[in-house]
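# Observations on the model geometry
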Amino acid sequence: DAKLDYNPEDKTVTFKPSSLKLDDADFDVSGSYKNLDPGVIDLTVAGKETDIQTILSLLPASFSKPFERYESQGEVFFDLTLKGVISKTKDPLLSIGFGCKDATLFHPDSKFRLKHTNLEGSFATPSFSRLDEAVLMLRNMEGELNEKKFTANFNLTNFDNPFVTCDFHGAVEAGALLNFIPIEGLSEVAGEVSGDINFEGEIEKLKHKATAQQVKADGSITLLNLTARIGDRHLQLDSLNGSLQFNHNDLGLQNVSGVFEGSDFRLNGNFKNVITFLLFENQPIGIETDLTSRWLDLDRMIAAGFGVEQSGKLKFSISPNLHLNFNCNIGRTRYKRFHATNLRGDLLVRNQVAVSRKLSFESMGGSLVLNGIVDARNPKAIDLVTGFNLKDVMIDSLFFVFENFRQTFIESKHLKGRATADVSLEATWDESLHFYPETLVADVSATIRNGELNDFAPLKALNKYLDDEGLNKLRFADLRNEIHVENKTVFIPEMEIRSNVTSIKLSGRHTFDQQIDYRVVAPLRNNRKINVEEAGGAFEQDNAGRSKIYLKITGTTDNYKVSYDLEAVKKKIAADLKREVKELKDAFRLKGKKKQKELEVDQNDTFDWPDQ
């Protein structure tokens, strides 16, 4: 409903007090427009009985779109002024004032409501095309979200390069907040969040290392009994409590504890560059924190962290944006058959390389200390360089945990005893954590105490020559050897097995495709089963009349035979094998040192963000 006056002399249209109805909202319209070249406008619109939808429809889409489905009840006010020149090259000034008093704001799909809401807002720009000079202000915001009170202020200048000043004080129920402002990836949220936060700075400065710290963020957030489902697989987070302290672009964690996928945790430390990481894609984040946990379920954590394809295979990767300095103190943990207690150590991650130093834990009846480097820069070829020490580990448990190393020749049921060993190892895995056998190189310096080898078929087969039924249950005190693995072959230098039955020397090779070539030297208690002429060079007798026999076990683990080793003495096979192993080990040590120096992350490294 409008009343207009038109003056043809100056081409002016004057709006007498008029009204405009838009949906359920009423507006009073007044002002004038001069239809000149350029045109001049001076128009005022004042809202009566307006609602939040009307207000949002007149704000820039970049601001209003996330809230476009919200509705309101109660007093909502609005006024608009449009003043200045209109031409092909100039736009008029736009000024909007809006707000609400004791209003209720709500989302139609949510049962949660923001009640007793008060707000004074304004939007102004000297020109439609000059949003770099636009200003949005939300002042004296206050309300109740599920009976929790809060106050806030928000100012934004320059929509092209936003400068933001805001503060928030109060508490909200997390579920109500997430229902009011949904966040993708979070569901079934409950608990309470309280905060006292201040922020000021140019958003663009957060993208660059040199300027990020110029953005001021301070204050704290307190989490109380938060629960949530995370992601498409609805990973469960329970009982999240603790305090978060803002320091510019960093976030401090004080006793942040909870339960994630059945594993409890407590974190103390810092998240660096966290605001930049949350606001922008492809930004680095630094985590320097201590982890304490009573129980860590690695089966569920690894599946949650690395994801599982439909085929059931893991997809292992280390983000190039992750910089981690992590110290852990874990009471108990498990992964498949592996169980460990009292796990202590650190983990450093940078540039898709992970380094652990002096990671120690107790498992399989003994203790282990591990140092390792994982290089995941090439996702199709993930390199592992590690060295670890085992002390008094039960051998049958070791074979059980590692599923008999995927072979059936010698299994946990055959073995008993405790192993102490130093191991150096290098190998390459694919992204599904299946290693390439041809890349495995390892040195093992081991001692086995109070060992037993029971019902081991190859030893039982020796009875044909040695005439000794005691080989079925061989018990020995100490057994020492240095084993090397390379070219898909396990090299076993000659070692002496002093047992309750006899003293046997054993050496040989065992390939990954289960081809075996073992050499055995054993004393003879009597010569009844030996045809000396047939044995030939495989039979020896010293001046004291003591005899020994040289035998070999060759073939595959499924189909092997025991025979006289006719060439053993003449070719000095055991000595040659020992020399070959030494040469391989020396070459491996040099290669390993070079690889470790190439990959290792300096423990004193600080997080240094690249300019972007």
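Residues numbered from 1 in each chain as written. Predicted model: local features only at pLDDT ≥ 70, side-chain atom pairs only at ≥ 80, totals over all residues. Heavy atoms only, no water.

### Some thoughts on the overall build of the protein chain
Along its length, the protein chain carries twelve helices and 30 strands. Residues counted as buried form 44% of the 612 residues belonging to the protein chain. (Helix = DSSP H or I, 4+ residues; strand = E, 2+ residues; numbered from the N terminus. Buried < 20%, exposed > 50% of the residue type's maximum accessible area, 1.4 Å probe, protein only.)

### Structural notes on the packing of aromatic side chains
Applying the stated criterion across every chain yields a total of eight aromatic pairs. Ring geometry for F338 and F361: centres 5.5 Å apart, planes at 90°, overall edge-to-face. Note that F338 is positioned in strand β18 (residues 338-350) and F361 in strand β19 (residues 353-363), a separation of 23 residues in sequence. Residue F361 is classed as buried on the basis of its relative accessible area, which comes to 10%. Ring centres of F409 and Y518 lie 6.4 Å apart, and the angle between their planes is 10°; this geometry places the pair in the stacked category. (Phe/Tyr/Trp six-rings, centres within 6.5 Å; stacked < 30°, edge-to-face > 60°.)

### Considerations on the environment of Q213
You can see Q213 is positioned in the loop between α4 (209-212) and β12 (216-230). Residues Q213 and N247, 34 residues apart in the sequence, show an inter-C-alpha distance of 9.0 Å. Ignoring any residue separated from it by four or fewer positions in sequence, one finds Q213 in contact with H248, N249 and D250. (Contact = heavy atoms within 4.5 Å.)

### Section: the pairing of strand β20 (residues 366-375)
With nine bridges joining them, β19 and β20 adopt antiparallel strand pairing. Paired with S360 across the strands is V369, a residue of β20. Adjacent in sequence and paired antiparallel, β19 and β20 are bridged by two residues, among which M364 carries a positive phi angle near 55°. In this sheet, strand β21 (residues 382-394) lies alongside β20 in antiparallel orientation, the contact comprising nine bridges. The residue bridging L368 from the neighbouring strand is L390, located in β21. (Pairing = 2+ DSSP bridges.)

### Here's the deal with the pattern of salt bridges
Summed over the entire model, instances satisfying the criterion amount to 20 salt bridges. Taking the shortest distance from any N to any O, the salt bridge between E147 and K115 comes out at 3.4 Å. Of this pair, E147 sits in the loop between β8 (135-145) and β9 (148-157) while K115 is found in strand β7 (residues 113-125), placing the two residues 32 residues apart along the sequence. Judged by relative accessible area, which is 56%, E147 ranks as exposed. (Salt bridge = Lys/Arg side-chain N within 4 Å of Asp/Glu carboxyl O.)

### Brief notes about the side chain of T447
With respect to the secondary-structure elements, T447 resides in strand β23 (residues 441-454). If we skip the residues at most four places from it in the chain, T447 touches R418, A419, T420, L479 and R480.

### Thoughts on the pairing of strand β29 (residues 547-556)
By the bridge criterion, ten bridges tie strand β27 (residues 515-524) to β29 in an arrangement that is antiparallel. Residue pairing across strands places V521 opposite Y550, the latter belonging to β29. When strand β28 (residues 539-541) meets β29, the two strands line up antiparallel, connected through three bridges. Each bridged residue has a counterpart across the sheet, and for Q541 the counterpart in β29 is S547. Across five bridges, β29 lies against strand β30 (residues 560-564) in antiparallel orientation. Counterpart to I553 in the pairing with β30 is V562.

### Brief notes about the environment of A457
Looking at where A457 falls in the secondary structure, it is placed in helix α8 (residues 457-461). Sequence separation between A457 and N472 is 15 residues; the distance between their C-alpha atoms is 8.2 Å.

### Here we look at the side chain of T428
Positionally, T428 belongs in strand β22 (residues 415-429). A polar atom in the side chain of T428 sits 2.8 Å from the side chain of D383. Here T428 is in contact with A381, I382, D383, F435, Y436 and T439, once residues within four sequence places are set aside. (Polar contact = N/O pair within 3.5 Å; in protein donor to acceptor, adjacent residues only side chain to side chain.)

### Looking at the environment of R519
Here R519 is to be found in strand β27. Considering only alpha carbons, one finds R519 and V562, 43 residues apart in sequence, at a separation of 9.7 Å. Among the polar contacts listed, one links the side chain of R519 to the side chain of D517, at a separation of 2.9 Å.

### Looking at unusual backbone geometry
Residue D37 is joined to P38 through a cis peptide bond whose omega torsion reads 10°. Tracing the backbone shows P38 in the loop between β3 (25-34) and β4 (39-48). In this structure, K11 is a non-glycine residue whose phi angle is positive, near 55°. Structurally, K11 can be placed in the loop between β1 (4-7) and β2 (12-22). For K11, a relative accessible area of 40% translates into the label partly exposed.

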